[in-house]
Each structure stands twice: as C-alpha cells, then as structure tokens.
Amino acid sequence: MHRARLRSAFWFAVVIGAYVGAAKVGIHLDVAHGVITPVWAPSGIALAALLILGLRYWPAVAVGAFVANLTSDSSAGVAAGIAVGNTLEAVVGAALVRRFGFRQELDRVRSVIALTVCGALLSTAIAATNGVTILTLADQRQDPYGTAWVLWWFGDAVGDLMVAPLLLVLSAWRRSRLTTAQLIEGAALLAAIAGTSVVVFVAGAWRYPYLLFPPLLWAAIRFKSVGAATASFVVGAIGTWGAVAGKVPFGVETATESVQVAQGLFALIAVSLLVVGATLEEREAGSSELFTTASRLSEAQALAHIGSWEWDIRRDAVTWSDELYRIFGMEPDSGSVDYASYLERLHPADRAFVDSTVQRAVAERRPFAFEHRIVRPDGTERVISSRGQVIVEDDQLVAMLGTAQDVTEQRQAERLRDDILSAVSHELRTPLTAVLGFAVTLEQRRNELSDEELGRILAELVGAARRLERLLVDLLDVERLRRGAADVSRERVDALELVERAVAACDLDGRRVDISGGPVTAEIDGAKVERIVENLILNAVKHTPQEGSIHVRLDALGDDLMLAVEDDGPGVANEHKDDVFEIFNRGAKVLSATPGAGIGLALVSRFAEAHGGRSWVEDRPGGGASFRVLLPGCVVG
C-alpha cells in the first residue's frame, strides 16, 4: 500500500511538472497572445496522462493548469477558471477516446481516428470556449473573440496531435526489446530526420521539404506507430522552431499565423503517418492471426486426420491442405493435383463409384458424402470418408469444396468390435450352455448320480470353464495388442523345455504329439512364446483327426529360432495362407464347422512380430499344414 501511494505521488508530480514546464515554453514564445498561444504542448501531456494513468489523475492536470496560468500574470480567479476548462478538456477527451475502443499502442486505424476526432478536434473546444470567455469577462482578451477562440483551439488541438501520440506509444512500447541492429537503425533514422528537418526549416532549405518524405515513410514502415509518432514529433518540433524564428516564409502577415500554418501542416503529416503505421500494424497482426489460425487448423486436421480440398472446376485445378497430402502418403505440396490424378490414386475398384458420385453431384448441384479406398505410393490401402459441396456463382458452377478424413483405424476398430461381439456371442454360448446344463443337473440330481457320472460332469464343467477362460484371455490379449501394450520382456530360457511344458498343458484329446530338436537357449519373452506354442498346438488339435498326430520341431538357424508345428489335417489353401493370421479370420469356409473364434493364430502372428519375427504357413509334405514361427537374433546357446 505504501509503495502504491509513493508511486501515485511520483506520477502526480511528474504530470504537474511536465504540464507547467511545457506551458511556460508555449506562453513565453513571441507568437503567444498572453496566455493564448498556438504552441500548447500541455494539452497533449494532459490527454496522454489520463489515458495512460487513468482519469483519477485529473487533479494533477488541474493543479498544473492553475500553477501555469497563475505564474503567467493571471489573477488567481482567472487562473482557476482557465484550469477548470483545461481539466475538463483532458477528462472529456480521454473519456470519449476510450469509449471508441481506443488502444494505447495506436496500432489500429480506429484508435488514430478516435484520438484525432475526439481528443484533438472535439474536446479542445471546451478549453477554448471556457478560456476565451473567462478572459473576456476579466477584460484580458487581446484579440476579437472568434480569432482568440480559433487560436486557443488550434494550439490545444495541435498539442494533442503532436505530443499525445508520442507519449502513448512510448509508454506502450517501453517493454519491447529491440535487437542491436534495430537500435542502430532507429538511431540513424532519428538522426537523419532531425538533421534533414534542421536543414529544411532552420538552415534555409525550406524550398526542399520533400527531402523529409523518404525518412518519414521509412520510420512509419519500419517501426510502425512508434516510428510514425516519433518522426512526426521531431519534424513538428523543429519545424515549429523554424516558424517561430521566421526561417520559413509562409506568405502570411504575422509570426503567429506562420506558426499556425506550419503546425497545421505538421498535424496533417502526423495523422497521415499514424494512419500508415496503424495500417501496417493491422496488416501484420492480421497476417500473424491468419498464420496462427492456419497453424491451429493444420494441427486440428493432423489430429483428426482430416484434410481439406478445393476444386476449381473451370481451371481443373485441385488444391489440397498439407494433411490431405499426408493422408494420401505424399509430402505436402509435392506436386500439382487435378481431378484425373486424384482418381488415379483411388483403389481401382472404387474409381467408377467415386467418379459417378462426383459427376452426379456436379450435375445436380448438391452436396455429397461417401467412403472409398485409396492406394498410397507404398502400396498400402486406406479408407477415406469424403464430403463436398458445390459452389455456384451467377448460376454458373465454379468450384467444389470439401474434406477427406482417414477413417481406416475407426473402421478397423468397428470391425474388430463387431467381430469380438460375434465371437463372444457365438463362442461363449456353447461352453456357457454346457456349464449351465451340467450345473442344473448337479443341482437337481446330485443325489441320484453315480461317482462315474459325477466325475464325467465335473470334467465337462472344468473343460467348459477352461474354454471360457481361454477365450477371455485371448480377447484381453487382442485388446492389449490393439493398444500397443504388448511389450517384450526378454530373458534366457531353455526353449525346448518351454515347448514341452506348453504341449503338456494342452488338452490334446487323445492326439499324439512328437517333439524334435535339440536343447536351445534363447533370449525371449517366455510367456508370449509359450502362448505361441499353445495356440499352434490347439489349432493343430482342431484340424487333426482323432487318430492323427502332431509334429513339433524346434531348430536353431544360426542366431534365429525356428518353431514348426505340423498337423495331419486338410491343410490350408494358397488363397488363405495369409488370411488365417488375421484377427477373427478362420480361413476357408470348408473349415467353418471347426470350433474356434479366429483369435489364436492372430495372436501367434502378433507375438512373433513383437519379437521382431514373423509367422507363416506352408503345405506339409504328405498332407496337412506346417505352421512356422521365426524369432530372429535370440539364440544364445
């Protein structure tokens, strides 16, 4: 609180001192008519003080105006009356300027116009009317009322236009950090403007005022509002000095009129430069905002995998956003696109459909939405959801606008969800039915069952529960793999012992399993490799006749570990050798009677890939299928 009071007292003193000092300079000039002068910087100081510090500093303006007039051969009553008008001028001017969305930085044309009209042209009429009236009543007026009023109003208005902008922009700009190069450039520019102004307005080169135009424009263009306000103030101050000293012949009768003509020109220059600076500030701010918006749009498109496009139908020119290029597997702006090249990037089976849909939308001039596939340069396929609308001007078709979203993962997730629901509803029904049936039997007939019947029922219950457990474990593994949570934790394992243990834990239903291969030590994730063996064995059990056999072979191929599981079943047709490792895909329809959810082999493939390996199926010599899994670089002994 104490520091705030000291700060307020300091600024009160600064405002009073600046007002009084500037007033003394204006009143003691030879062109002044008593307390009425065409050079009145205090009006600009007062207006800037109230705009920067707040209206609560009006007493500082009042005290400064009273002291300045009292010490200029005015009576206390006259000085107090004039101070009232000067204070009201500043208060009303600041209030009006703020009402019109004023920005202290003067970086908007609206702010420059508000300061010019409300601060300099309108509010100054208050002080002029009040002051000339009081001087008339006190019989201290030297000129006719109208002449005195114009001179008073003119001095205050020019003070607002020359001084207030400089104080406002410097106050707003004081926290800005300039580079060394900018400081050097600014100092050189200020020196050039000051030197040229002295030459033109003081040294007698008044015939060459156009020498000032290049540095003035340079100031406004390079330093925007700060440069405009500073340059116009320097030129105005030096030019006024030359006019007061009579160095510039304006062709008027008195020195006062000469100063008025000079300051009128300088005020016009000040407003023009401020408008130029504010226009450049607005353009720069607009460009920055546009860039920010474009960046946010680009980020949003990247996050949502949505690209935008525009087709100029008359020029057959297609414009894509950066994200749309990425969706199609291309570098942004990697080449021009037209409608024909767009169609070439579609899946061959979808081109006719897309083309007919677009042409129908063009003909009927209506929006469209559809899904189709594309083929990227690397051969991968993606599913795209496209939307568009037709733009018509003067009943002429000119363009189409739209978006394209990569929905591949969404469709895969939807397909996975549907497959899981199908698998759960189908595969859970059988074991649940068995569990429920046997449980009801035990509940109703437990006292009638023999030990043999009771053992068989319990065995069936255990078998059904294990099938349920296996399905749930597989489904959880599918979800973990989908989320990328299948991390590999490698450790040294006796691979042959692991295979034997996994086979022993499987329900072979009477089928024989032969295991061959020497002892192999490998750095692998034992739990995941055990699941690989387990799923391959159970798959072989499903497709091997009761009297058939299953053959397991474990080999070390250099640093690679090869696992092969072969059965005596019908084998896998060539067209299904890749499909059987896809999630919920159980291969040929001829095998559809075989129980299973189509998860086991997919997990084999995913667990192999997690080790950096792969899985595939071959025809077994003599009939049947040979499923192979290769885990690279893991054999250590």
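The rules behind these values
- Residues numbered from 1 in each chain as written.
- Predicted model: local features only at pLDDT ≥ 70, side-chain atom pairs only at ≥ 80, totals over all residues.
- Heavy atoms only, no water.
- Helix = DSSP H or I, 4+ residues; strand = E, 2+ residues; numbered from the N terminus.
- Buried < 20%, exposed > 50% of the residue type's maximum accessible area, 1.4 Å probe, protein only.
- Contact = heavy atoms within 4.5 Å.
- Areas by Shrake-Rupley, 256 points an atom, 1.4 Å probe, with all protein chains shown as cover.
- Salt bridge = Lys/Arg side-chain N within 4 Å of Asp/Glu carboxyl O.
- Pairing = 2+ DSSP bridges.
- Axes fitted to C-alpha atoms, helices over the stretch in contact; angles between N-to-C directions.
- Polar contact = N/O pair within 3.5 Å; in protein donor to acceptor, adjacent residues only side chain to side chain.
- Patch = residues over 30% accessible without salt bridge, like charges linked within 9 Å, V, L, I, M, F, W, Y side chains within 5 Å.
- Phe/Tyr/Trp six-rings, centres within 6.5 Å; stacked < 30°, edge-to-face > 60°.
- pLDDT = per-residue confidence, 0-100.
- Parallel < 35°, antiparallel > 145°, perpendicular 65-115°, else oblique.
- Nonpolar A, V, L, I, M, F, W, Y, C, P; charged D, E, K, R; others polar.
- Left-handed = near helix turned anticlockwise from the far one by under 90°.
- Core = buried A, V, L, I, M, F, W, Y, C linked by side-chain atoms within 4.5 Å.

### What about the overall build of the protein chain?
Then step 1. Helices and strands together make up the secondary structure of the protein chain, namely 20 helices and twelve strands.
Then step 2. In the protein chain, which comprises 637 residues, the proportion classed as buried is 44%.
Then step 3. Of the contacts formed within the protein chain by residues at least 6 apart in sequence, a portion of 65% connects residues at least 24 apart.
Then step 4. In the structure as shown, the protein chain presents an accessible area of about 32,500 Å², 57% of it carried by carbon and sulfur atoms.

### Topic: the pattern of salt bridges
Then step 1. Evaluation of the coordinates by the stated rule reveals 25 salt bridges.
Then step 2. Here the residues in one salt-bridge network are R553, D555, E566, D568, E618, R620 and R628, joined through shared partners.

### Concerning the sheet that holds strand β11 (residues 614-619)
What links the strands of a sheet is backbone hydrogen bonding, and the strands pair in either a parallel or an antiparallel sense.
Then step 1. Strand order in the open sheet formed by five strands is β7-β9-β10-β12-β11, with mixed pairing between adjacent strands. Both edges of this open sheet fall to β7 (512-516) and β11, since each of them pairs with a single strand only. Strand-to-strand, the axes of this sheet are offset by a mean angle of 15 degrees, without reference to chain direction.
Then step 2. For strand β10 (residues 560-566) and strand β12 (residues 625-631), the ladder comprises six bridges, and the chain directions are antiparallel. Counterpart to E566 in the pairing with β12 is S626.
Then step 3. In this fold helix α19 (residues 526-543) packs onto β9 (549-557), β10 and β12, with an angle of close to 20 degrees to the strand it touches most, β10.
Then step 4. Relative to β12, helix α20 (residues 600-610) is tilted by about 25 degrees, and along the sheet it contacts β11 and β12.

### Brief notes about the pairing of strand β5 (residues 396-406)
Then step 1. In this sheet, β5 lies alongside strand β1 (residues 306-312) in antiparallel orientation, the contact comprising seven bridges. By the bridge assignment, I306 is partnered in β5 with Q405.
Then step 2. In terms of strand pairing, strand β4 (residues 381-393) meets β5 through ten bridges, oriented antiparallel. Looking across to β5, one finds that R387 is bridged to T403.
Then step 3. Hairpin connection from β4 to β5: two residues lie between these consecutive antiparallel strands, with D394 at a positive phi of about 50 degrees.

### Considering the side chain of E566
Then step 1. Relative to the helices and strands, E566 is located in strand β10.
Then step 2. Among the residues examined, E566 registers a relative accessible area of 11% and is labelled buried.
Then step 3. Side chain to side chain, E566 and R620 meet in a polar contact 3.4 Å long.
Then step 4. When near neighbours in sequence (up to four residues on either side) are disregarded, E566 contacts S549, I550, H551, R553, R620, A625, S626 and R628.

### Let's talk about the sheet that holds β4
Then step 1. Pairing in this open sheet of five strands is antiparallel, and the strands run β2-β1-β5-β4-β3 from one edge to the other. Of all the strands in the sheet, the pair left with one neighbour each is β2 (317-320) and β3 (368-375). Neighbour to neighbour, the strand axes of the sheet diverge by 25 degrees on average, direction disregarded.
Then step 2. Helix-sheet contacts for helix α14 (residues 351-364) involve β1, β3, β4 and β5, and the interaxial angle to β3 is about 150 degrees.

### What to know about the pairing of β2
Then step 1. Burial of the side chains of β2 is restricted to one face: V318 and W320 are buried, whereas none of A317 and T319 on the reverse face is.
Then step 2. The pairing of β1 with β2 spans four bridges and is classified as antiparallel. Of the residues in β2, the one forming a bridge with D312 is A317.
Then step 3. Between the end of β1 and the start of β2, which pair antiparallel, lie four residues, with D316 showing a positive phi angle near 50 degrees.

### Comments concerning a nonpolar patch on the surface
Then step 1. A cluster of nonpolar side chains, contributed by I113, V117, L121 and L122, occupies part of the molecular surface with about 330 Å² of accessible area.
Then step 2. With respect to the helices, strands and loops of the structure, L122 is situated in helix α5 (residues 109-122).

### Considering the packing of aromatic side chains
How two aromatic rings sit relative to each other is given by the distance of their centres and the angle of their planes.
Then step 1. This model, assessed by the stated rule, comprises 15 aromatic pairs.
Then step 2. A ring pair is formed by Y339 and Y342, whose centres lie 6.2 Å apart and whose planes are at 35 degrees; its orientation type is tilted. Of the two residues, Y339 and Y342 are both situated in helix α13 (residues 339-344); the distance of three residues between them amounts to about one turn of the helix. One exposure class covers both Y339 and Y342, and it is buried.
Then step 3. Aromatic rings pair up to connect W311, W320, Y325, F328, Y339 and Y342 into one cluster.

### Section: the environment of R103
Then step 1. For R103, the location among the structural elements is in the loop between α4 (76-99) and α5.
Then step 2. What makes R103 partly exposed here is its relative accessible area of 34%.
Then step 3. With 65 residues separating them along the chain, R103 and L168 place their C-alpha atoms 9.3 Å apart.
Then step 4. Each residue touching R103, except ones within four places of it in the same chain, is listed here: R108 and S111.
Then step 5. There is a polar contact of 2.7 Å between the side chain of R103 and the side chain of D107.

### With respect to the confidence of the model for the protein chain
Then step 1. Summing up the model confidence of the protein chain, the mean pLDDT is 84 and the portion of residues at 70 or higher is 90%.
Then step 2. Mean pLDDT across the elements of the protein chain bottoms out in helix α15 (residues 408-427) (68) and peaks in helix α2 (residues 42-53) (94).
Then step 3. Predicted confidence is poor over residues 586-595, with pLDDT under 50, and the contacts of this stretch with residues over four places away or in other chains come to 16 contacts.

### Observations regarding the side chain of R620
Then step 1. Here R620 is to be found in the loop between β11 and β12.
Then step 2. Looking at R620, its side chain comes within polar contact range of the side chain of D568, at 2.4 Å.
Then step 3. In this structure R620 touches H551, E566, D567, D568, A625 and S626, once residues within four positions along its chain are discounted.

### Section: the packing of α5 against helix α6 (residues 124-137)
Then step 1. Two elements in contact, α5 and α6, have axes separated by 5 Å at closest approach and are oriented at 5 degrees. Taken together, α5 and α6 sit at an angle that is classed as roughly parallel. Every residue of α6 that contacts α5 at G119, A120, L121 and L122 is listed here: T124, A125 and I126.
Then step 2. Here the contact of α5 with α6 is composed, by residue class, of five nonpolar, two polar and no charged.

### Focus: the packing of α5 against helix α7 (residues 145-162)
Then step 1. Relative orientation of the contacting elements α5 and α7 amounts to 145 degrees, with a least axis distance of 8 Å. Along this stretch, α5 crosses α7, giving a crossing that reads as right-handed. Touching T116, G119, A120 and L121 of α5 are W153, A157, D160 and L161, all from α7.
Then step 2. Looking at the contact of α5 with α7, its residues break down into five nonpolar, two polar and one charged.

### A word on the nonpolar core
Then step 1. Ranked by size, the top nonpolar core spans 63 residues in total, and within it L51 and I193 carry the most contacts.
Then step 2. In terms of residue count, helix α10 (residues 213-244) provides more of this core than any other element does, twelve residues in total.
Then step 3. Not counting the four nearest positions on each side in its chain, L51 is found in contact with A94, V97, R98, F102, L115 and L168.
Then step 4. One finds V520, A540, F627 and V635 within the second-largest nonpolar core, a separate group that totals 43 residues.

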